Amino acid sequence: MAEIVQAQLRKFTDEIWRDEIVPTLTEYIRIPNKSPSFEPQWQSLGHMDKAVELLVSWAKPKVAALGATLSVERLPGRTPLILIDVPGSKGSDTVLLYGHLDKQPEMTGWAEGKGPWLPVLEGDKLYGRGGADDGYAMFGSLAALLALKDQKLPHARAVVVIEASEESSSPDLPFYMEALGDRIGSPSLVVCLDSGCGDYERLWLTTSLRGMVGGALRVDVLSEGVHSGDASGVVPSSFRILRQLLARLEDVETGEVIVKELHGDIPPERIAQAKVAAKALGDQVYAKFPMVKGMRPLNDDLVQLVLNRTWRPALSVVGLEGAPPPSNAGNVLRPFTAAKLSMRLPPNVNAQEAAKRIAKLLTDNPPYGANVSFHYEEPGTGWNAPKTAPWLEAALEDASHAAWGQPMAMMGEGGSIPFMAMLGAKFPEAQFVVTGVLGPNSNAHGPNEFLHVPTGKRVTEVVARVLAAHFERT
Ligand SMILES: [Zn+2]
């Protein structure tokens, strides 16, 4: 079997990233193509089309060089999807490479001189929204295929799918899978470059993803605001009722989700891997977050923190409505309080069932007969990786050593990639490589998101090696 020449792979990867990928991602960051959940006008605004055009214009010559085809798929009323079909060296065995081009909203708190749509390259870091999550995925995937071509190494047929509804829980993807199923075929390997890494020192393989239920909870108590001196003590506060309702989901003292159905059994091997990961990461398990002085993490036990983040449910209140800023707040008993809730779920909990359970708990028997509604978005079920095949484990271990000089590490991720659950259910025989560049402080979804460029390059090398090993596997 032909071996990859590491020096040549490194040179190729470094150059294409330096000369093409970083400059193109810089342009990509300027485009405010927020995911449909955060930008209902996405169609008329045209930002999404602009992002698609930018990616396609970069990809076109590469696709030609690879003898591949590229199409932009557009189902009516759905976000577009880029489909690239790269013929294999032989047979119809297929690898599916997945990424997304839609973005999270701006968020506040960007440092001076930085902003979501303002690309800044500072040392190894390219700041701005969407470079790391997940604009680089198509570039990394095609660069890996080109790196193999550069060394005249064979690979299986590769289908690159770049969707544009991921940050809204991928509501459009099932329709595309239905429409494109025959063209995509049945992959024996899925590569997803939309995940995280525990540090930038080794390959991190994502072994599980949490699911999610997101929804808006609203409590109405009055048809208009009234003098709080007049009404308090008579009319129950919508904020207190909201707290009561949230207390049906979580223990306010510990943050523990108290709804039994939202917990799953944690497989013993995942507990063992969490122990290894906690040891490798040390205090970084929590110290990677920008906690204020004096702030402590939720638990002193690092292993429990890793498990909390990857295998347990957790509630975040990610948005609030119905109250003025404190500086402009009069003494008013406000008519309503609304909150956007984000409930992360263990990898093995059915998100549809969970959403129904949460909705029932929040809306049953509203205190004082308040008007309570909970509207949830498409729930996303989590994912637990199938057992890694020996050829793949060896290839990944090799790739980590070649790219970083360190053994790889395995860990669940706290975030969600809805497509993985979809694919896992559809192709139970497929192997998965889920990894990414979202490491310490890279802060996807928050302010000061950055793409750690060296990690992007190393991940590209990993994909090239995995594709080569996949072709050679017996
Ligand atoms: Zn993402």
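Model, not experiment: these values are computed from the prediction. (Residues numbered from 1 in each chain as written. Predicted model: local features only at pLDDT ≥ 70, side-chain atom pairs only at ≥ 80, totals over all residues. Heavy atoms only, no water.)

1. So, the pattern of salt bridges
Throughout the structure, instances matching the rule amount to 23 salt bridges. Between Asp 49 and Arg 74 there is a salt bridge; the shortest N-O distance is 2.8 Å. Of this pair, Asp 49 sits in helix 3 (residues 47–65) while Arg 74 sits in the loop between strand 1 (69–73) and strand 2 (81–86), and the two are 25 residues apart along the sequence. A salt bridge links Glu 449 to Arg 129, with the shortest nitrogen-to-oxygen separation between them at 2.9 Å. (Salt bridge = Lys/Arg side-chain N within 4 Å of Asp/Glu carboxyl O. Helix = DSSP H or I, 4+ residues; strand = E, 2+ residues; numbered from the N terminus.)

2. Some thoughts on the coordination of the zinc ion
Those protein atoms acting as donors to the zinc ion are His 100 (NE2), Asp 133 (OD), Asp 194 (OD) and Asp 194 (OD), and they sit at 1.8 to 2.7 Å. In this structure, the zinc ion is surrounded by four donor atoms whose angles at the metal cover 52 to 147°, and the resulting shape is irregular. Counting along the primary sequence, the residues that act as donors to the zinc ion give the motif H-x32-D-x60-D. With Asp 133 in helix 4 (residues 131–150) and Asp 194 in the loop between strand 7 (189–192) and strand 8 (204–209), the pair connects residues that are 61 residues apart, well separated along the chain. Across this residue pair, the class does not change: Asp 133 and Asp 194 are buried. (Donors = N, O, S within 2.8 Å, 3.2 Å for Na, K, Ca; no water. Tetrahedral: all angles 85-135°; square planar, octahedral: opposite > 155°, others 65-115°. Buried < 20%, exposed > 50% of the residue type's maximum accessible area, 1.4 Å probe, protein only.)

3. A few points about the sheet that holds strand 16 (residues 409–413)
Strand order across the open sheet formed by three strands is 15-8-16, with mixed pairing between neighbours. In this open sheet, the two edge strands, each paired with only one partner strand, are strand 15 (383–384) and strand 16. Pairing analysis gives two bridges linking strand 8 to strand 15, with the strands arranged antiparallel. Within the sheet, the bridge partner assigned to Leu 209 lies in strand 15 and is Trp 383. Sheet contacts for helix 10 (residues 302–311): strand 8, strand 15 and strand 16; angle to strand 16, the most-contacted strand, approximately 55°. (Pairing = 2+ DSSP bridges. Contact = heavy atoms within 4.5 Å. Axes fitted to C-alpha atoms, helices over the stretch in contact; angles between N-to-C directions.)

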